[in-house]
Structures are given as C-alpha cells and as structure tokens.
Amino acid sequence: MVRLFGPLVGLFFAVALLWSFGNGAYSAITEPAAPTAEHEFHLHPKDVKFASDGVFGKYDKQQLQRGFQVYKEVCATCHSLKHVAFRDLANLGYSEGEVKAIAKQWGTKQPTFDEKSGERAERDNIASDYIPTVYYAGQGVPPDLSLIAKARHNGGAYVYSLLTGYQEQPAELLKKFPDSKTPDGLYYNPYFANLNLAMPAPIASDDQVAYSDGTKATVDQMSKDVSAFLMWTAEPKADKRKQTGWAVLGFLLAATVLAYLAKKNVWADKH
Amino acid sequence: MSFPWANEYKPAFGLTQWLDEKLPLPRFVYNAVGAGYPVPRNLNYMWNFGVLAGFCLVLQIVTGVILAMHYAPNALVAFDSTEHIMRDVNWGWMMRYAHANGASAFFVVVYLHIFRGFFYSSYKAPREMIWLLGVVIFLLMMATAFMGYVLPWGQMSFWGAKVITGLFGAIPVVGEPLQIWLLGGFAPDNAALNRFFSLHFLLPFVIAGVIILHIWALHIPGSSNPTGVEVKAESDTVPFHPYYTAKDGFGLGVFLLIYCAILFFAPNALGHPDNYIPANPLSTPAHIVPEWYFWPFYAILRAFTYDFFFIPAKLMGVLAMFGSILVWFFLPWLDTSPVRSGHYRPLFRKFFWFGLIPTMAILFYCGGAPAEEPFVMLSQLASLYYFAHFLIILPLVSSIEKPEPLPFSITEAVLGKDESAVLNANPAAA
Amino acid sequence: MAEQASIDTSAEAGEGVRRRDFINIAAVSFAGVGGAAVLFPLVSQMAPSADVLAQSSTEIDISAITPGQAIKAVFRKQPVFIRNLTPAEIAAADKVDASSLRDPQTLEERTKEGKTNWLITMGVCTHLGCVPLGAGEGEVKGEFGGYFCPCHGSHYDTAARIRKGPAPKNLEVPEYSFISDAVVKIG
C-alpha cells in the first residue's frame, strides 16, 4: 500500500511544485520585480569599534558615563529607558549619592495616582525607580531605547551610523525614483530601513554636550559614546557573562580532555 | 533483555538488595543504561546524539522550570518580565540564554540524530517502532519550541503565533473557527499567550514520557550499528557501561564546549533582533521568519505560490509542510532494501550525499531568506527533490540497487576477522 | 625474546593501570564538581532579585503627620506604622513600669533620642502576622490606646508594647534613621 500510494503522493507534490515553479519563473521573466529605493540606497551600518566588542571586550565605563550624559541631555527628552532603573547607573561608576541626585533631578517625573482622591500627580524619581516613559505630545511615544542595540542587527554600529548618517537625499535617487522624495517633516538617512525617518538629526553640532572628562565632544564622539551607552542598556550583564564564560569554558576544556583520556582507557582493550 | 549474555544485576549492598526486591529501580537503570545493556562494539560518534538529546531535554526542563518562577504569562507584562529575568533576577540572564540556546542545541542534536537514522536506515525492521516514536517526539518538540518562542511576547513571538495559527485557517470549512478556537480570540492575545504557556510547560513532560517508550522500544532489538549487520554473538557487543558511558561523557564534554561558547559569547546569534521589540499587533516586521530550526519546513510552506487546480496555494503549502514530516512515518515501508547501512548501498549513498543533504541545506537557507527570487524558486526545486527523495527515489533505489557485500559480523568489521565466522565456514577446523 | 617482552608489558601494565585509574577518577570528579557548581546559580536565582533588594530601604516624608496622627507606610512590602505621639500618650507610656511587661521595654528604648514622639514600628502583629488596627483615622486603638489586632485580640499600648492578648512580643521597631527632621529612612 505504502509503496503504491507513496510515489503517487510524491508525484502530486512534485507536479504542484513544478506548477508553482513554472508560473513563478514565467512571471519573473514577463514582469520582473521592480527595483525600489529602499533596496538600492539602504546602507548597512558603518564599521565602528567599541570597547565591548569581541570575546575579551569590556565596557569602557568612562565612555558609558559620557554616553549617559548625551542620552540624558539629548535623547531623554523624547526616548525613555523603561527597563533601566536609576540604581543600575551605579554600574557605570556613579556613587550612591550621585545616583540619587540623578534620579531626583530627572526631567520626567514618576506619575502617581491617589486611590482615595482619584488624583493623578507626579513625584520625583528615586533610585529604585525605572527611568520613566516619556509621552511626547502629538507624536505618540517614540521608541523606548532600552533594547534598541539588541533589536537591530549589529545594533551598536546601527545607532552610531544612524546618528551620523543624516544627509541630503542623493540626486541619483531622485532621478531614478522620482516618487521617493523624502516627505515633508521626515529626514533622509540611508541607514534607516525605509530611508526616511521622523527624527531630525539629534546630535547636530560639536560641543552640544559639555563633557567633564576632557574628551572633545565632536558629533562623532558623542554619537559613539551614546551608542556604547545604549549597548550597555541593552545588555548590562555582558561583562559578567563573558567573565563567567571564560571560567566555564576553561573548566569544560579540562573536563573534556580528561573525559577523552578516560574514554581511551576504557576502550583500550576493545580496538 | 534480548541478549542471553547480558550481565545480570547483582545488588552489592544490603540496601540495594532490599530495594531490588521491593522496587527494582537500580536493576532497571542497570539494564537500561548500565552494564546490563549489551551494545554493538562498533558504534561511531554519530551514535552519541541520543544521549545528548536526553541531556538537552533535562537542561530545558530545569532551566524552563526556573524561568517559569520569574516569568509572567500575561500579554501586558510578559515582555517586561522577560527583561526582568535578564536584568534583575540572580543569574536570570544565564538561565534565559541557556534556555533559548538550549532549544537550538536540542534541535541540532536531534537533527543529527535523525539524519544518522536516515543514513544508516535505523528505521528498518525490527526498529520501526523506535523510529515512529522518534518522529512523534520530533513533532512534540516542534510544537513545544513554537509555543516557547511566543512567550517573550516580542514582535517575532506575536507574528510567529499569528502566522502559524493562520496555517490552520487554510483548512477548508473548519479552518477559520478552528483558528479562533486555538487562539481563544481573533488574533493572538492574552488567552493565546496563557494557553501557550500552559502547554509549553506540559509538553516537555509528555516528550519525556514518549522518550521512555522510545528507549523501551530500543531495548527490544538493541541498538543498530554502522554496519547494519545484526549482533550475532557476545564478541559483537560491549556493555553500555563503562564503554558507552565513557564515550558519551566525552561527547557531552564536546557538546557543552560548543553550547557554552555560544551561550556566553554569542547568545543572540541564533535569535532574531525583532524579538527584542515588544509585540505590536498593528505593525508587522519587515520579514517574518521562525526560529532557524523551522526553516526547512517554512521553506516548503512558502514554496507553493500558485493555486493547484482547485486547491488554494495556502492549503497546498500547509499540506506539504505537515506532509514533509509525516512522510517520515512511512519510511520503514518506503525503503525496502534489505541492507541497512548507507556504507554498503552505493546508489542510496549517492542520493543521500548529493541529493538529500544539499536539498536540506538549500531548504534551511531559503527558509530563513526573504520571500523573493531566487529563493522562492530555489526552495520550490529543493522541496520537489525532498518529496521525490522519500516517496519516489527511495522505493526505486531499494529495488534496483545492488548492495556491496556485507561483513559477516560486527566483530569482523572491527577486527578484520571473526573467529566464529571461520568456525561457521569450516566446522572441521574446530 | 617473547618472554622478555611479556614481562616488560606486565610491568608497564601495572604502572599504566594506576595512571588510568587516576585519570578515570579525575574525570568523574570533574563531572561531580561541574554538577555542584551548576547548583549555585540554580539555588541563587530564588534569592531576592535586584529590584526587590533595591526596595529594601524606604524614605518617608513625615512632615505632614501632626501629633496624635499616624500613617501606614509600606516597607519591604509590609505595613509600617509611623506615629507622632502626643505628650499625653508619651506620659501614658512612661507611667508604666517596664519590668512588669511581657516584653519589657521603655518608650525611650523604642524611639530615637530627642525624637521620643516618633514611634515607628512594623504594622505586623507579633502573634500571627495580622495587621493591627489603630494607625488609620477612626480605627479602634484597643484598651491601651495604641493598637489592637482584631485577629486574636492583642492589645498594644501607646508605645506599641503588648499588654493583653496572645502576642508574645511588642510590635517590632525596624532599623531606621532620620535623614532630616522631615524625612526618615527605614531599613
């Protein structure tokens, strides 16, 4: 039975697939897929190095602090970090007092709700609070940045490229795709998936942020620092993960060598 | 035990003696994976993956139970509770990465285990039942993995749930009500998330049960081996312990080295970035792909792009996707060659290495690629070969092929000579 | 020649056996150590997570509590009573001979120096963990003017000491300090 019906079923699927293949091939020749602006002008992230790259990489805390400063002074007006608590900033090297002060002075306050009176109000942030969500009137909620560096391929480089990638729409693009002109209120950026995004270049000029550690606050430097910071917010445990990894791999290597020798011993008389 | 020379369990202490009389658990273990189970002496490293798959199941259950202590199966907070595990729970990041990559490791091991079975025809009599149970385990694994991937409630979780339950919508007449019933709503939401969590917790224990049956069925004929020649005498076998426990121990070490290298140094390499974006029912990711271990079947699903007579393309795709696994159930009766091992089947071997393996590679690749040319056409050709291989080529090959001569016994294959073979051929020599 | 060889092998075998045993034992021990090491995170994950630990101390603004008033605050997910005692309540507490009590403590021992009017205690009855009444406005304060636990009828006095009923101890005074006159940090 199986030997009879098996080949029949096989033929059925095979013919159906040939049918799809033939039709697909025919339409691919007669009406080839039209090229799109996204397809031709979208760029992969720039090649940029971070201290945390690679299996030995570690976050540069000084850089993370600068990145946090850029986030606080530039990004935080619109973008929240709801998975990061103020207390987490202690891992960037801030003291308990500094963390408290950062929380207290944070621009977006914690919403409160009094169940008795039904009143909604605000209070200052405290260290155990998560960085509050920003509601941006008229535009909805801009994306939360906690995980942005993991939510994009090659996320750190992506953020850096996006921040430094704003430019005039190339004439070549307009010539080839006249319908793809960047709409009003959007900005052209080849590192963004559909080339036009609603956010104007946030880091526009040197010294937009005053660094206190003597680093020169160029647009490139600030973009890099905030990208590094967002890599940390996405994966705060990366340093500990790699450290644990080396200990585990070292142990496993020794154990595996021993297991190999033991296996050879056991099998010594059977080969 | 089916081999008369199997070692018999002898309790060494008063306590084990007592236990052996009341509940012979030590005897059971001894006969199942101890010195009481005679195994062919010539198993190669491809035979390590059964034990490794068992290890993966334990790993997934342990890490999964722990994650369930911290995870909240509610559409409002599921994503945040996953991040809570990653950031605040002690060692939570390690548990989650171990579980997520553990699923991948489980599938790698099981795929190797299955393809070992394809090459050495492990499905042939008298081992059909082991094979059938194995396919059931694989189907259960796929269901479990799919539902587990929904739990973090990221974009890929949500849209994966939507697309896969949408497959049931392709079934004529009952499809749509069935889909709504499965989801407990009109789109994936809290009801779906909660039932997926419940089933994701339950199914691994069902898998464990079927694995016990799988091993039970294995112990009736005993393990197959690379020559495909059945065990003839005691010299053909060695006791499972210490020979294969030692070998599996080494295999486990190598497996853990690779697994931990990924877990600790590239934990997101096998995942999709979009799943770090919270589920948004109003916006579909640019291209939806399931986890890598579903890619071949996803490629087959998408290969049907045109209605075939009165059968809609979508239904064809769903039939083919399920059919591509169901066909494995019939393998023992499709491949009728009396020779098991691919080592002694010249034609079969060619179709395996130059047909099935490249086809699977193409299907893997195309399933993860965007649905555009040339990937669609490639996956159509590969799917065609896939079905032809199992349903047409295997039955044909097994009737026209002339197998190479088999060794007399396992012992002869290993040592180059078997004294009992000489005895058999020339009794006078004794 | 053959004999010579066989003697050599047996000598080598003796040596080899010991080395082999050592390797096998080492391999099994490594597996044991690895298994034990894995237990550490498995156990540790059940301990309080970082967000729970971050709430192990609480700062509370007490500037709005007038004498005679009390508030219920939350400390480590449990109620804490903060009470601004009136001079009469302080006097009532001081009048009692501490040594005659079930859990002998004076009001001074239960408050900070110079801040005797601030009575800060856990709102958890020492009997079986119910929340006593008396901190909220209009709640029963019990026979001794402090707190009253309705579960099994424990009466606490104005220093939150157990005076009557089944509770074995006074209401617990958590660790706390005054950051300023207006803010107290508990924990």
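Residues numbered from 1 in each chain as written. Chains lettered and ligands numbered in written order. Predicted model: local features only at pLDDT ≥ 70, side-chain atom pairs only at ≥ 80, totals over all residues. Heavy atoms only, no water.

Draft legend 1. Quick peek at the interface of chain B and chain A. With 63 residues of chain B at the contact, the number on the chain A side is 57 residues. Buried area between chain B and chain A, summed over both chains or domains, comes out near 5,300 Å², and the portion from carbon and sulfur atoms is 72%. The largest per-residue losses of area from chain B upon contact with chain A belong to B:Arg87, B:Phe265 and B:Tyr306, which jointly make up 16% of the total buried on that side. Taken together, chain B and chain A are joined by two salt bridges. B:Asp80 is the partner of A:Lys82 in a salt bridge, and the nearest nitrogen-oxygen pair spans 3.6 Å. If you look at where chain B meets chain A, you find 16 residue pairs in polar contact (both at pLDDT 80 or more). (Contact = heavy atoms within 4.5 Å. Buried area = accessible area lost by both parts, 1.4 Å probe. Salt bridge = Lys/Arg side-chain N within 4 Å of Asp/Glu carboxyl O. Polar contact = N/O pair within 3.5 Å; in protein donor to acceptor, adjacent residues only side chain to side chain.)

Draft legend 2. Broad picture of the interface of chain B and chain C. Listed by partner, the interface residues are 11 residues for chain B and 11 residues for chain C. Where chain B abuts chain C, roughly 890 Å² becomes buried across the two surfaces, and 64% of that area is made up of carbon and sulfur atoms. Three residues stand out in chain B for area buried against chain C, namely B:Asp88, B:Asn90 and B:Trp91, and they jointly supply 48% of the buried area on that side. In this assembly, chain B and chain C are joined by zero salt bridges. Listed by contribution, the elements that provide at least two residues to the side of chain B that touches chain C are α3 (49-70) and α5 (92-119) of chain B. When residues in the side of chain B that touches chain C are grouped by element, the largest group, four residues, is from α3(B). For the side of chain B that touches chain C, the per-class residue count stands at seven nonpolar, three polar and one charged. (Helix = DSSP H or I, 4+ residues; strand = E, 2+ residues; numbered from the N terminus. Nonpolar A, V, L, I, M, F, W, Y, C, P; charged D, E, K, R; others polar.)

Draft legend 3. View of the packing of helix α7 (residues 155-168) of chain B against helix α8 (residues 175-183) of chain B. Residues and elements named next belong to chain B. Look at α7 against α8: their axes get within 7 Å of each other, and the N-to-C directions meet at 140 degrees. Classified by the angle their axes make, α7 and α8 are oblique. You can see that α7 and α8 cross each other, and the crossing is right-handed. Taken together, the residues of α8 that come into contact with α7 (itself represented by Thr165, Gly166 and Phe168) are Gly175, Leu178, Gln179, Leu182 and Leu183. (Axes fitted to C-alpha atoms, helices over the stretch in contact; angles between N-to-C directions. Parallel < 35°, antiparallel > 145°, perpendicular 65-115°, else oblique. Left-handed = near helix turned anticlockwise from the far one by under 90°.)

Draft legend 4. Just a nonpolar patch on the surface, in detail. Residue and element names in this part refer to chain A. Taken together, Met1, Leu4, Phe5, Leu8, Val9 and Leu11 make up a surface patch of nonpolar side chains, about 630 Å² in accessible area. Mapped onto the fold, Met1 is located in the segment before α1 (2-30). A relative accessible area of 74% places Met1 in the exposed class. (Patch = residues over 30% accessible without salt bridge, like charges linked within 9 Å, V, L, I, M, F, W, Y side chains within 5 Å. Areas by Shrake-Rupley, 256 points an atom, 1.4 Å probe, with all protein chains shown as cover. Buried < 20%, exposed > 50% of the residue type's maximum accessible area, 1.4 Å probe, protein only.)

Draft legend 5. Focus on the packing of aromatic side chains. Tallied over the entire structure, the rule returns 65 aromatic pairs over all chains. Residues B:Tyr293 and B:Phe294 carry aromatic rings whose centres are separated by 4.9 Å and whose planes lie at 75 degrees to one another, so their mutual orientation is edge-to-face. With relative accessibility at 13%, the residue B:Phe294 sits in the buried group. Looking at A:Lys240, its charged tip hangs above the ring of B:Trp91, at a distance of 4.1 Å from the centre. The aromatic ring of B:Phe408 is capped on one face by B:Lys232, whose charged end is 4.6 Å from the ring centroid. (Phe/Tyr/Trp six-rings, centres within 6.5 Å; stacked < 30°, edge-to-face > 60°. Lys NZ or Arg CZ within 6 Å of the ring centre and 35° of its normal.)

Draft legend 6. View of the nonpolar core. Grouped together as the largest cluster of nonpolar side chains are 138 residues, with contacts concentrated most on B:Phe118, B:Phe138, B:Trp328 and B:Tyr386. For this core, the leading source of residues is α5(B), giving 16 residues. When residues of this core are sorted by domain, at least three fall in each of domain 2 (41-288) and domain 3 (301-410) of chain B. When near neighbours in sequence (up to four residues on either side) are disregarded, B:Phe118 contacts B:Tyr123, B:Trp131, B:Trp328, B:Leu331, B:Phe348, B:Phe352, B:Leu356 and B:Phe390. Counting residues in each nonpolar core, the second largest holds 46 residues, with A:Tyr59, A:Leu89, A:Leu197 and A:Tyr211 among its members. (Core = buried A, V, L, I, M, F, W, Y, C linked by side-chain atoms within 4.5 Å. Domains from an automatic or database assignment.)

Draft legend 7. Broad picture of the state of the cysteines. Residues and elements named next belong to chain C. Scanning the entire structure with this criterion turns up one disulfide over all chains. Note on cysteine connectivity: Cys130 is disulfide-linked to Cys151, with sulfurs 2.1 Å apart. Taking the sign of the S-S torsion, -105 degrees for the link of Cys130 and Cys151, the bridge is left-handed. One end of the pair, Cys130, is in the loop between β4 (118-122) and β5 (145-149); the other, Cys151, is in the loop between β5 and β6 (154-157), and 21 residues separate them in sequence. Cys125 supplies the cysteine sulfur nearest to Cys149, a cysteine that is in no disulfide, at a spacing of 3.8 Å. (Disulfide = S-S within 2.5 Å.)

Draft legend 8. Local environment of the sheet that holds β4(C). Residue and element names in this part refer to chain C. One open sheet accounts for three strands, arranged β2-β3-β4; its pairing is antiparallel. Both edges of this open sheet fall to β2 (70-75) and β4, since each of them pairs with a single strand only. In this sheet, neighbouring strand axes are inclined to one another by 25 degrees on average, regardless of whether the strands run parallel or antiparallel. In this sheet, β4 lies alongside strand β3 (residues 78-84) in antiparallel orientation, the contact comprising five bridges. For Arg83, the partnering residue across the bridge sits in β4 and is Leu119. (Pairing = 2+ DSSP bridges.)

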